[in-house]
Each structure stands twice: as C-alpha cells, then as structure tokens.
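Descriptive structure summary
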Amino acid sequence: DAEKFAIAKAISKLKEFNNTEAKALAVIGIKINGTRDENFEEQLSVQILNSGKFQLVNRSQLKTILEEKRLELTGLINSSEERKKLEGFLELDAIVYGSGKTIEDDFNLNLSMIDIETGGALWGTEATGYSLKSPAGAVLRSFLLPGLGQHYLHSGLRGNLYLITETLLMGG
C-alpha cells in the first residue's frame, strides 16, 4: 500500500531528527486529498509511537491540554501549584501536521513539526510511497514495447535507455 510506504519513509526520516526539545508529540490536522483523515492520523501516530523516539499525546489528552491552556488564558488557573500539576501531567512539546495526496497509484506525504511554545518549525519532510508493481506485469509490458516495463516500475530513465537501445538494435 502506497500510504504505508510513505509513512514508513517519513518515520525513518523522523527517527533521524535530532532535537532533544521535542519529546512529547501530538498528531493533528492531517489532510488526505483535501479532507481531514483521523484514521490516517491514527496510523501515523502508531508508527511514531513505535519508533521509540517520542511519547505521543493522544486525542483525549490533547483536548485536556487545550482546555487547560484556555483556562490559563482566562485566569481560572492562577496558582503556580495548580499549573505545575497540570503541566507535569499534560506535557506537550510539538505538534505534527501535514497533508497527503494520492497521485495515480502513488501517495505523496508532507509532514511538519512545530514547537508548541514558539510556533517555530522544528522538522519537515516529504515522502512518496509507490504502489507495489508486479514484476510479471513489467515483463509483459516490456514484451509489448521495450522499456515500458521499466516505466511501469517507476524507472523512466532506465526505460528510455532500453527503448532506445532496442530500437537501435532492431533497426541497425
């Protein structure tokens, strides 16, 4: 599945992210083909959690954090003791958001991470997942037209080289 490959590539790049400030993340606002997709957010969240590099704040905790921030802004939480209790329980360092788009059989995923305190960008990536193509399908296509199988497998340059070489050999 192209989406799963794109997620795997993005998580691999996220594992390389070297920032000691962002330990607790929330995944929100992921739009797939222009529509918010909570199932995709959940898939991505599970993969981030499984990476072992970050703690994940789930959706119910995130709602509590946002409510706490709202109460803090209105002045209802004003003692430093109350604030410390809530902050220790509801730690959130960064938010991961982004978008994905299906293009033919492929899936393009763009993700960004922002610091919750400053709003500054911490990390971003683009990852493309290709759908699995059958080697037999590539062979059949190459029988029809040399190089077409390589195009089918997303190797256009190699496909063009095969086409040119076969054309020259057959015509020569």
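Residues numbered from 1 in each chain as written. Predicted model: local features only at pLDDT ≥ 70, side-chain atom pairs only at ≥ 80, totals over all residues. Heavy atoms only, no water.

**Concerning the overall build of the protein**
Across its full length, the protein carries seven helices and six strands. Secondary structure elements of the protein occur, N-terminal to C-terminal, as α-β-β-α-β-α-α-β-β-β-α-α-α. Split into buried and exposed, the 172 residues of the protein put 32% on the buried side. At a minimum sequence separation of 6, the contacts of the protein that also span at least 24 residues come to 53%. Carbon and sulfur atoms form 55% of the exposed surface of the protein, whose accessible area is close to 10900 Å². (Helix = DSSP H or I, 4+ residues; strand = E, 2+ residues; numbered from the N terminus. Buried < 20%, exposed > 50% of the residue type's maximum accessible area, 1.4 Å probe, protein only. Contact = heavy atoms within 4.5 Å. Areas by Shrake-Rupley, 256 points an atom, 1.4 Å probe, with all protein chains shown as cover.)

**Topic: a nonpolar patch on the surface**
On the surface, a nonpolar cluster with roughly 350 Å² of combined accessible area is contributed by Leu144, Leu145, Leu148 and Leu163. Note on leucine 144: relative accessible area 72%, which makes it exposed. (Patch = residues over 30% accessible without salt bridge, like charges linked within 9 Å, V, L, I, M, F, W, Y side chains within 5 Å. Salt bridge = Lys/Arg side-chain N within 4 Å of Asp/Glu carboxyl O.)

**A look at helix 2 (residues 38-50)**
Residues three or four positions apart in an α-helix share a direction because the helix packs 3.6 residues into each turn. Here helix 2 contains 13 residues, and its C-alpha end-to-end distance of 18 Å stays within 8% of the 18 Å for a straight helix at 1.5 Å per residue. For helix 2, the full list of buried residues reads Phe40, Glu41, Leu44, Ser45 and Ile48. End-on, the buried residues of helix 2 take up no more than an arc of 140°, which puts them together on one face. In helix 2, the exposed positions that point more than 90 degrees away from the buried face belong to Asn39 and Asn50. Two or three places before asparagine 39, at the start of helix 2, stands the capping residue aspartate 37, its side-chain oxygen 3.1 Å from that residue's backbone nitrogen. Directly after helix 2, the chain includes glycine 52, whose backbone phi takes a positive value near 75°. (Expected span 1.5 Å × (residues − 1). Arc of directions from axis to C-beta. Polar contact = N/O pair within 3.5 Å; in protein donor to acceptor, adjacent residues only side chain to side chain.)

**Quick look at the packing of aromatic side chains**
Using the criterion set out here, one finds one aromatic pair in the structure. Between phenylalanine 40 and phenylalanine 107, the aromatic rings sit 5.7 Å apart at their centres with planes inclined by 45°, giving tilted as the arrangement. Placement of the pair is phenylalanine 40 in helix 2 and phenylalanine 107 in strand 5 (residues 106-115), with a sequence separation of 67 residues. Grouping residues by exposure puts phenylalanine 40 and phenylalanine 107 together as buried. (Phe/Tyr/Trp six-rings, centres within 6.5 Å; stacked < 30°, edge-to-face > 60°.)

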